[in-house]
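Tertiary structure, described
Given next are the chains, with one letter for each unit.
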Amino acid sequence: MTEAEPGDQYEQVLDSLTAFTATQKELARAFARSARLHTTDADAIVLIIEAEQRGRPLTPARLAERVGLSPGATSILLGRLEKAGHVERAREGSDRRVVTLRSTTTINAAADAFFEPLHQQLGQALGEFTTEQLALIIRAADNLRTAMETYLRDCESTPKD
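Within an unreviewed UniProt entry, the label attached to the protein reads MarR family winged helix-turn-helix transcriptional regulator, and the organism entered is Nonomuraea salmonea.

Turning our eyes to something else, we now look at a nonpolar patch on the surface. A cluster of nonpolar side chains, namely Val13, Leu14, Leu17 and Phe20, defines an oily patch on the protein surface of about 350 Å² accessible area. The exposure class of Leu14 is partly exposed, given its relative accessible area of 40%.

Moving on, we get to the packing of aromatic side chains. In total, this model carries 3 aromatic pairs according to the counting rule given. Ring centres 5.6 Å apart and planes at 55° place the aromatic pair Phe31 and Phe114 in the tilted group. Taken together, the positions of Phe31 in helix α1 (residues 6–34) and Phe114 in helix α5 (residues 105–126) put the pair 83 residues apart, joining distant regions of the chain. With relative accessibility at 1%, the residue Phe31 sits in the buried group. Between Phe114 and Phe115 the ring centres are 4.8 Å apart and the planes differ by 80°, which places this aromatic pair in the edge-to-face class. Of the residues examined, Phe114 reaches a relative accessible area of 24% and is grouped as partly exposed. What makes Phe115 partly exposed here is its relative accessible area of 25%. Joined through ring pairs, the aromatic side chains of Phe31, Phe114 and Phe115 make up one cluster.

Let us look at a negative patch on the surface. Where like charges cluster on the molecular surface, the negative patch consists of Glu5, Asp8, Glu11 and Asp15. Structurally, Glu11 is set in helix α1. By relative accessible area, which is 46% here, Glu11 ends up partly exposed.

On to the nonpolar core, then. Membership of the largest hydrophobic core comes to 20 residues, with the highest contact counts inside it found for Ile45, Ile48, Leu58, Leu63, Leu78, Val87 and Leu101. Going through the elements one at a time, α1, α2 (39–53), α3 (60–67), α4 (71–83) and α5 are the ones with two or more residues in this core. Counting residues per element, this core draws most heavily on α2, at 7 residues. In contact with Ile45, other than residues within four places in its own chain, are Leu37, Leu81, His86, Val87 and Ile107.

With that settled, consider the pattern of salt bridges. Two side chains bearing opposite charge may form a pair once their charged atoms approach each other closely. What the rule picks out here adds up to 8 salt bridges. For Glu52, the salt bridge is made with Arg102, and the minimal N-O distance between the two is 3.7 Å. A residue pair is termed long-range when its members are at least 10 positions apart, and Glu52 in helix α2 and Arg102 in strand β2 (residues 99–103) qualify at 50 residues.

Thresholds applied
Residues numbered from 1 in each chain as written. Predicted model: local features only at pLDDT ≥ 70, side-chain atom pairs only at ≥ 80, totals over all residues. Heavy atoms only, no water. Patch = residues over 30% accessible without salt bridge, like charges linked within 9 Å, V, L, I, M, F, W, Y side chains within 5 Å. Areas by Shrake-Rupley, 256 points an atom, 1.4 Å probe, with all protein chains shown as cover. Salt bridge = Lys/Arg side-chain N within 4 Å of Asp/Glu carboxyl O. Buried < 20%, exposed > 50% of the residue type's maximum accessible area, 1.4 Å probe, protein only. Phe/Tyr/Trp six-rings, centres within 6.5 Å; stacked < 30°, edge-to-face > 60°. Helix = DSSP H or I, 4+ residues; strand = E, 2+ residues; numbered from the N terminus. Lys, Arg positive; Asp, Glu negative; His and termini not counted. Charge placed at Lys NZ, Arg CZ, Asp CG, Glu CD. Core = buried A, V, L, I, M, F, W, Y, C linked by side-chain atoms within 4.5 Å. Contact = heavy atoms within 4.5 Å.

Structure representation (structure tokens):
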């Protein structure tokens with residue numbers, strides 16, 4: 001048996017990551033169905049929760065960028081999420097003009113109920129790797145993300161015909 005060429009292995013890694021991303025998108029749709037939300041609403045909620053967990057709550061403008069909506073459409077989305085009791089707009093910190101988005105305990109409980117079993121399964125799947133192997137996976141994922149972010153910035157800065 002011959003060893004795979006590096007180019008073949010690169011393709012296999014990228015194919016696996018593409019499949020992983022597609023599965024993440026399907027999980028987001030499943031969460032939306034379970035919470036009886038439109039997929040865009042569920043995407044927004046997940047982004048808001050993730051930002052809170054990182055200690056950097058989103059602003060409406062940043063959410064608009066992340067979900068790919070206009071500021072007006074994002075305002076309508078946030079109004080819908082506020083009315084449903086899923087999100088709150090808050091003025092925090094020293095600059096009271098800045099609005100941040102916070103998820104409510106109700107939607108957090110729904111997200112936890114949906115995603116916690118998955119989190120446990122993912123932990124089990126990663127449990128077979130050593131600390132050194134996990135560090136290598138993290139480094140590879142970070143390198144790929146950085147390359148994609150650079151490419152995206154280049155695409156956005158390229159003048160359109």
